[in-house]
Amino acid sequence: MLGLMQDRPLLIQHLIDHAALNHGDTEIVSRTVEGPIHRYAYRDAQKRSKKVAETLLALGIKPGDRIGTLAWNGYRHFELYYGISGMGAVCHTINPRLFPEQIAYIVNHAEDQILFVDLNLLPAVEKLLPLFKTVRHVVAMTDRTHLPPDLKIPNLLVYEELLADKPGTYEWPEFDEHTASSLCYTSGTTGNPKGVLYSHRSTVLHSYAGALPDTLDLSARSVILPVVPMFHVNAWGLPYAAPMVGAKLVFPGVALDGASLHELFETEKVTFTAGVPTVWLALLNHMQANKLKLSTVKYAVIGGSAAPPAMIETFDRDYGVEVLHAWGMSEMSPLGSVNHPKARHLSLSHEELLAIRLKQGRPPFGVDMKIVDDAGKELPRDGKAFGDLLVRGPWITSGYFKGEGGDVLREGGWFPTGDVATLDPDGYMQITDRSKDVIKSGGEWISSIDLENAAMAHPAVAEAAVIGVAHPKWDERPLLIVHRKPDVVLDKKELIDFLGSKVAKWWLPDDVQFVDAIPHTATGKILKTRLREDFKDYKLPTA
Ligand code: AMP
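The rules we used
Residues numbered from 1 in each chain as written. Predicted model: local features only at pLDDT ≥ 70, side-chain atom pairs only at ≥ 80, totals over all residues. Heavy atoms only, no water. Phe/Tyr/Trp six-rings, centres within 6.5 Å; stacked < 30°, edge-to-face > 60°. Helix = DSSP H or I, 4+ residues; strand = E, 2+ residues; numbered from the N terminus. Buried < 20%, exposed > 50% of the residue type's maximum accessible area, 1.4 Å probe, protein only. Core = buried A, V, L, I, M, F, W, Y, C linked by side-chain atoms within 4.5 Å. Contact = heavy atoms within 4.5 Å. Domains from an automatic or database assignment. Salt bridge = Lys/Arg side-chain N within 4 Å of Asp/Glu carboxyl O. Near = heavy atom within 4 Å. Polar contact = N/O pair within 3.5 Å; in protein donor to acceptor, adjacent residues only side chain to side chain. Areas by Shrake-Rupley, 256 points an atom, 1.4 Å probe, with all protein chains shown as cover. 1 Å grid on protein atoms, 1.4 Å probe; cavity = no way out; pocket = protein on both sides within 12 Å on 5 of 7 lines; lining within 4 Å. Points joined across faces, edges and corners; volume = space filled by probe spheres on them. Nonpolar A, V, L, I, M, F, W, Y, C, P; charged D, E, K, R; others polar. Expected span 1.5 Å × (residues − 1). Axes fitted to C-alpha atoms, helices over the stretch in contact; angles between N-to-C directions. Parallel < 35°, antiparallel > 145°, perpendicular 65-115°, else oblique. Left-handed = near helix turned anticlockwise from the far one by under 90°.

Moving on to the packing of aromatic side chains. Using the criterion set out here, one finds 14 aromatic pairs in the structure. Residues F116 and Y159 carry aromatic rings whose centres are separated by 6.1 Å and whose planes lie at 80 degrees to one another, so their mutual orientation is edge-to-face. In this pair, F116 sits in strand β5 (residues 114-118) while Y159 sits in helix α6 (residues 159-164), placing the two residues 43 residues apart along the sequence. Ring centres 5.9 Å apart and planes at 85 degrees place the aromatic pair W280 and F315 in the edge-to-face group. Residue W280 is found in helix α11 (residues 277-289), and its partner F315 is found in helix α12 (residues 309-319); the two are separated by 35 residues along the sequence. Aromatic rings pair up to connect Y42, F78, Y81, Y82, Y240 and F251 into one cluster.

Look at the link from S333 to P334: it is a cis peptide, with omega at 10 degrees. Within the secondary structure, P334 is located in the loop between β14 (322-328) and β15 (335-338). One non-glycine residue, K291, lies in positive phi territory at about 50 degrees. Judged by its relative accessible area of 74%, K291 falls in the exposed class. At S333, a position not held by glycine, the phi torsion is positive, near 75 degrees. Turning to its location among the elements, S333 is positioned in the loop between β14 and β15.

A few words now on the nonpolar core. Soluble globular proteins: nonpolar side chains tend toward being buried together. Of all hydrophobic cores here, the largest spans 112 residues; its most connected members are F78, F272 and F315. Excluding its chain neighbours within four sequence positions, the residues that come into contact with F78 are I16, I28, Y42, A45, M230, P239, P243, L249 and F251. Core analysis: the second largest hydrophobic core is formed by 31 residues, V90, I103, V107 and V117 among them.

Let's shift gears to the domain arrangement of the protein. In many analyses, interface size is given as the accessible surface area lost on bringing the parts together. Domain assignment breaks the protein into domain 1 (16-200) and domain 2 (438-534). Taken over C-alpha atoms, the centre of domain 1 sits 40 Å from the centre of domain 2.

Further remarks concern the pattern of salt bridges. A full pass over the atoms with the stated rule returns 30 salt bridges. Residue E34 is joined to R76 by a salt bridge in which the shortest nitrogen-to-oxygen separation is 3.1 Å. Placement of the pair is E34 in the loop between β1 (27-31) and β2 (37-41) and R76 in helix α3 (residues 75-86), with a sequence separation of 42 residues. The shortest N-O distance in the salt bridge between E452 and K528 comes to 2.6 Å. With a gap of 76 residues between them, E452 in helix α14 (residues 448-456) and K528 in helix α16 (residues 528-534) connect regions that are remote in the sequence. Summarising the burial analysis for this pair, E452 and K528 share the class buried.

Turning our attention to the site of the ligand. Inspection of the region around the ligand gives 15 residues, with A326, S330, Q360, D419 and R434 positioned closest. In the model, a nitrogen atom of the ligand is placed 3.0 Å from a nitrogen or oxygen of the G304 main chain. Take A306: an N or O atom from its main chain is 3.2 Å from a nitrogen atom of the ligand. Burial of the ligand by the protein chains amounts to 92% of its free accessible area of 490 Å².

Let's shift gears to the layout of surface pockets. Looking at the second largest pocket, its volume works out to about 780 Å³. Surrounding the second largest pocket, 32 residues form its lining, A310, M311, M456, A457 and H458 being those nearest its centre. At the level of secondary structure, the elements contributing two or more residues to the lining of the second largest pocket comprise α11, α12, α14, β22 (461-471) and β23 (475-484). Classifying every residue of the lining of the second largest pocket gives 19 nonpolar, seven polar and six charged.

Moving on, we get to helix α2 (residues 42-58). One turn of the α-helix equals 3.6 residues, which is why residues spaced by three or four share an orientation. Taking 1.5 Å as the rise per residue, α2 with 17 residues should run 24 Å; its terminal C-alpha atoms sit 24 Å apart, in good agreement. Of all 17 residues making up α2, 12 are buried, and the element is well covered by its neighbours. Of the positions making up α2, those classed as buried are Y42, A45, Q46, R48, S49, K50, K51, V52, A53, E54, T55 and L56.

Another aspect to go through is the packing of α12 against helix α13 (residues 350-357). Closest axis-to-axis distance for the α12/α13 pair is 10 Å, and the angle between their directions is 120 degrees. Classed by the angle they form, the pair α12 and α13 counts as oblique. Regarding α12 and α13, the two cross each other, and that crossing is right-handed. Contacts between α12 and α13 pair P309, I312 and E313 from the former with H350, L354 and R357 from the latter. Residues that form the contact of α12 with α13 fall into these classes: three nonpolar, one polar and two charged.

As structure tokens, this is what we get:
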């Protein structure tokens, strides 16, 4: 017997309609690429999203067509999220920090019909134009007065001109909730990037899960500033979850330096923010150097890479900010787990609680997790055994766009994350490594993340990375690569002694190399492939 409830599809356009009706005057504030702060409310955003849809129809766009965006976090990008997906097309967000060849590759692979481009990214697009095979129009996300006069993009359209003569009365179509809504390519440190194609249903379900108290704890009292870019897995879903709950949104634009962020946190009374560890490093340094405080921020989500313990402690002790350590991936929309302590953890000692907070957290309902050994046998959830982490759920990919990479799911519909993790009886998951990064020393595994965290706890270390280097006896041994803070004294011996109190003796790095900078991927993760390349002929002193 079937239930008798309505079969109303879960569609992204309903989120903005809901916000316009019930939170119509809740603000969306943006630091624009042009410079000034722009403010309007959900009611205005909904109307302009409809104008976007009307513009796309006028340009001949049909449902299913891919529309590219090369843009920072701002109100026009937000309108595109809703206007494009709402009319049934696919919003393909492109990371402008990728190498030009990679951008050309993914625009062509996605067969983008139109590219919407922020003002400061137009010169890059001008250079790439001859490589694009399917792009029919480029739209400058600005008004005519800001357009550089010498730009050589034929038939360049201007966003504000396109929207100006549209009525904004478009009636969103209703369609199958499984319809594709947006497309995001994985950062692809090896091989070509692969497209993850989200659906309306997966996006709306992911927003419900993201808003839960033990996930991101979002509500109509939240003021959300996503530092994580709208081209990095849809800013972790925040532009969808915010209108769902009626939260105020603050978009930082292109200015992600500590000073600009801090100013917005304070003037807009931000309560919730999210980003990768590298941006928080810059913010913390700025606040420390200028003796600044945070008066309203309650939560800072740290995800994308492991949150170093020193960062969790500094946010908490010096700024009264609770870090929500989160884990996920593009293939998971991205939320897989968020760390909130359980009630009985609150009476634990500082050290015991920190050990829990270092874990990547518990999955919300909707994400199933298990760990398996090399033969695919499930390992115990005892917080000790570690193995390949597999996930499944309604906002997790079933395969890449256009079948790239073939059949990716294991038996039972499990998606292999490529991460190595432990699970404990309380449901907490802890990543010990990317499977490619784990150091295999004499048949035993050494976690590069644990070593990095231990090194980052030294006050003179700005950033640390650990890679495995060939060793004649042990196969691989850890090499610690360190970027020191400015004007500090720190040598190898001091650092190894410091680590000696934190990790098992046989885990201690065989050597330390000091560098001027640690390379990062386009999404802010440590670029281990480059480090391995840089140190491929490196001879350890123990070899
Ligand atoms: P991406 O799809 O680019 O977001 O990358 C996803 C990968 O980033 C995951 O598979 C993890 O290897 C890594 N990652 C994300 N969040 C965390 C975290 N909190 N701790 C450790 N690694 C993380």
